[in-house]
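Read off the chains here:
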Amino acid sequence: MPLLGLLPRRAWAALLSQLLRPPCASCTGAVRCQSQGEESLQVAEAVLTSQLKAHQEKPNFIIKIPKGTRDLSPQHMVVREKILDLVISCFKRHGAKGMDTPAFELKETLTEKYGEDSGLMYDLKDQGGELLSLRYDLTVPFARYLAMNKVKKMKRYHVGKVWRRESPSIVQGRYREFCQCDFDIAGQFDPMIPDAECLKIICEILSGLQLGDFFIKVNDRRIVDGMFAACGVPESKFRAICSSIDKLDKMAWKDVRHEMVAKKGLAPEVADRIGDYVQCHGGVSLVEQMFQDPRLSQNKQALEGLEDLKLLFEYLTLFGIAEKISFDLSLARGLDYYTGVIYEAVLLQTPTQAGEEPLNVGSVAAGGRYDGLVGMFDPKGHKVPCVGLSIGVERIFYIVEQRMKTKGEKVRTTETQVFVATPQKNFLQERLKLITELWDAGIKAEMLYKNNPKLLTQLHYCESTGIPLVVIIGEQELKEGIIKIRSVASREEVAIKRENLVAEIQKRLSES
């Protein structure tokens, strides 16, 4: 019996179908012939053996999500939606239009746009003659859209998921699948005005989210390249060395120097010259100082970048955010498509309270100018200058989530305003009429999906989910043409006329 108990239902069906076959034509009555009986037993034994073997060999299936991904509970979604609402409302305040692009693109659209990071793209299996990859960011698809539709001027925002095949660090808000919030200005405009607005937007969002103090590192890709040339870096190594410098926010200078010298073949004395520059950071005074630098002042590219940064600081002062900006020569931004001003927002470490772990999540927003990317897609190479920013939603969400956990804050997961209840049996129809009236008036309402729920159960549900008001109908209320409204917080009840229900609830909700 224990052996048979292991059999799945399908095996039992096959076994019984063999044992219960009708007798052959040469038999009389209900007695099987000996040959048929032996045949049936052999078949049954074979079925039993194969099914038991398959059952025993089936591997244990572990229910889990892929590495570098996460599920978002209703509590998580409430927090995330609040963050996204604030971000998107800021984008709209600055005149941006929303748009979306496919989650995957032709592989050739994405390749050679990200430098060393191109190896982190997720390639899809060829399903129909097209080689595809999941989008790595929202910037390259935007540039492809502009070129494909011959759009020369656009201010847009885009919120969507992107995928990167890198080692995830969940404790720092780094994932393989994550959400990006981008804002971009495309078009030919006077220098540094759109760039300054992008920095203003970052300041508005980070201030609005109340994450603590922050600053924004600013540099220019032309200054970076000019610095490399002045220090003696071969032009063929510019992008590779830029990728190494971009790791300075995660690695110590000695480790970055070792990578440049040992792995990328840079001369040690050249690396040391770069080291002198990447330690420099400051405000507009540092920009003025770099104009006098004996090496940079001889490089045309670097001087162009410095001129633009000087102008940028003038606009940032007018926007009232210059004190949040730091000219930082260590900022490189490793993506190949940047051509001008680049920036990265970093939260300042605040003293941790008792029981609170220090939060180290790196940059929470970044971006820059990419004037040549659209031209890479245009058959005639027509360029559309662009500048943009990306908000690191996952890292921000991680910070907010950890702080809420430390403070023990609870999150209400529904927006229900009114619960329709009854203390008596056989009042389902009346409850349905009431809730329909509330829904039709645009009021968020709920009821229990039971014919005869207990009143205490209904009230407990309201308390546990944070529903502020309960409307109660019973025999007495129906007879007198009234409805009782109960405040869940104070437990006070008042009776009102049935026809005044919607107006009374709307009045209470507007006052709360």
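Residues numbered from 1 in each chain as written. Predicted model: local features only at pLDDT ≥ 70, side-chain atom pairs only at ≥ 80, totals over all residues. Heavy atoms only, no water.

- In the annotation of an unreviewed UniProt entry, the chain is listed under the name histidine--tRNA ligase and assigned to Theropithecus gelada.
- The record held by UniProt for the chain lists under Catalytic activity (unreviewed entry) the comment "tRNA(His) + L-histidine + ATP = L-histidyl-tRNA(His) + AMP + diphosphate + H(+)".
- Under the UniProt heading Sequence similarities (unreviewed entry), the entry covering the chain gives this text: "Belongs to the class-II aminoacyl-tRNA synthetase family." (UniProt positions renumbered as here; feature names shortened; annotations may be inferred.)

**Quick notes on the packing of helix α8 (residues 221-231) against helix α13 (residues 300-318)**
Logical step 1: At a minimum axis distance of 7 Å, the contact between α8 and α13 shows a crossing angle of 145°. Seen from above, α8 lies across α13 with left-handed handedness. On α13, the residues touching R222, I223, D225 and G226 of α8 are Q301, A302, E304, G305, L306, D308 and L309. (Axes fitted to C-alpha atoms, helices over the stretch in contact; angles between N-to-C directions. Helix = DSSP H or I, 4+ residues; strand = E, 2+ residues; numbered from the N terminus. Left-handed = near helix turned anticlockwise from the far one by under 90°. Contact = heavy atoms within 4.5 Å.)

**Side note on the side chain of Q458**
Logical step 1: In this structure, Q458 sits in helix α16 (residues 455-465).
Logical step 2: Judged by its relative accessible area of 0%, Q458 falls in the buried class.
Logical step 3: Among the polar contacts listed, one links the side chain of Q458 to the backbone oxygen of T422, at a separation of 2.8 Å.
Logical step 4: With near-sequence residues (within four places) excluded, Q458 lies in contact with F419, V420, A421, T422, L448 and P453. (Buried < 20%, exposed > 50% of the residue type's maximum accessible area, 1.4 Å probe, protein only. Polar contact = N/O pair within 3.5 Å; in protein donor to acceptor, adjacent residues only side chain to side chain.)

**Considering the nonpolar core**
Logical step 1: Counting 75 residues, the largest nonpolar core has F91, I216, F228, I274, F327 and Y343 as the members making the most contacts within it.
Logical step 2: By residue number, the principal contributor to this core is helix α7 (residues 193-209), which donates nine residues.
Logical step 3: Apart from the residues lying within four places of it in its own chain, the contact partners of F91 are A96, Y157, C181, D182, F183, I201, I205, L389 and I391.
Logical step 4: Ranked by size, the runner-up nonpolar core spans 23 residues in total, among them L331, L335, Y337 and Y338. (Core = buried A, V, L, I, M, F, W, Y, C linked by side-chain atoms within 4.5 Å.)

**What to know about the sheet that holds strand β7 (residues 281-282)**
Logical step 1: In space, the nine strands of this open sheet follow the order β1-β4-β5-β11-β10-β9-β6-β8-β7, with mixed pairing throughout. Since the sheet does not close on itself, it has two edges, and those belong to β1 (97-98) and β7, each with one partner.
Logical step 2: Pairing of β1 with strand β4 (residues 154-163), which is carried by two bridges, proceeds in the parallel orientation. Note that in β4 the partner of K97 across the bridge is R156. (Pairing = 2+ DSSP bridges.)

**A few points about the sheet that holds strand β13 (residues 445-446)**
Logical step 1: Reading across the sheet, the five strands line up as β13-β12-β14-β15-β16 and stay open at both edges, with mixed pairing between neighbours. Among the strands making up the open sheet, the edge pair consists of β13 and β16 (493-497).
Logical step 2: In this sheet, β16 lies alongside strand β15 (residues 482-487) in antiparallel orientation, the contact comprising five bridges. Along β16, the bridge assignment pairs I485 with V494.
Logical step 3: The strands that α16 touches are β12 (418-421), β13, β14 (469-472) and β15; relative to β12, the one it contacts most, it runs at about 175°.

**Overview of the environment of R395**
Logical step 1: With respect to the element layout, R395 can be found in helix α14 (residues 393-407).
Logical step 2: Since its relative accessible area comes to 16%, R395 is described here as buried.
Logical step 3: The sequence separation of R395 and Y175 amounts to 220 residues, and the corresponding C-alpha distance is 9.5 Å.

**Some details on the pairing of strand β5 (residues 177-186)**
Logical step 1: For β5, the tally of buried residues reaches nine of 10 residues, placing the bulk of the element in the interior.
Logical step 2: Where β4 meets β5, 10 bridges bridge the pair, whose relative direction is antiparallel. In the strand pairing of β5, M154 is matched with A186.
Logical step 3: With six bridges connecting them, β5 and strand β11 (residues 386-391) associate as antiparallel partners. From the neighbouring strand, I185 faces β11, where its bridge partner is V387.

**Comments concerning the packing of aromatic side chains**
Any two aromatic rings considered together are summarised by their centre-to-centre distance and by the angle between their planes.
Logical step 1: Under the criterion given, the structure shown has six aromatic pairs.
Logical step 2: Arranged with centres 5.5 Å apart and planes meeting at 35°, the rings of F91 and F183 form a pair that is tilted. A residue pair is termed long-range when its members are at least 10 positions apart, and F91 in helix α4 (residues 74-93) and F183 in strand β5 qualify at 92 residues.
Logical step 3: By relative accessible area, which is 0% here, F91 ends up buried.
Logical step 4: Following the ring pairs from residue to residue traces out a cluster consisting of F91, Y157 and F183.
Logical step 5: Sitting over the face of the ring of F397, R80 holds its NZ or CZ atom 5.1 Å from the ring centroid.
Logical step 6: Taking the ring centre of Y136 as reference, the NZ or CZ of R164 above it sits at 4.0 Å. (Phe/Tyr/Trp six-rings, centres within 6.5 Å; stacked < 30°, edge-to-face > 60°. Lys NZ or Arg CZ within 6 Å of the ring centre and 35° of its normal.)

**Some points on the confidence of the model for the chain**
Logical step 1: Summarising the model, the chain shows a mean pLDDT of 87, and 85% of its residues fall at 70 or more.
Logical step 2: pLDDT under 50 marks residues 1-6. Its contacts with residues more than four places away, or in other chains, come to five contacts.
Logical step 3: Here residues 28-33 is modelled with pLDDT under 50, and outside its nearest four sequence neighbours on either side it reaches nine contacts, counting other chains as well. (pLDDT = per-residue confidence, 0-100.)

**Brief notes about the UniProt feature "binding site: L-histidine" (unreviewed entry) in the chain**
Logical step 1: The UniProt record marks D137, L138, T139, R164, Q180, D184, R333, Y337 and Y338 with the feature "binding site: L-histidine" (unreviewed entry), using the residue numbering of this structure.
Logical step 2: Relative to the elements of secondary structure, T139 occurs in helix α6 (residues 139-148).
Logical step 3: Apart from residues lying up to four places away in sequence, T139 is in contact with D182, Y337, Y370 and L373.
Logical step 4: Looking at the element boundaries, Y337 is found in the loop between β8 (325-328) and β9 (341-347).
Logical step 5: Residue Y337 is classed as buried on the basis of its relative accessible area, which comes to 6%.
Logical step 6: Residues contacting Y337, with those up to four places away along its chain left out, are K113, Y114, D137, T139, V140, R369, Y370 and L373.
Logical step 7: At 2.7 Å, the side chain of Y337 and the side chain of D137 are in polar contact.

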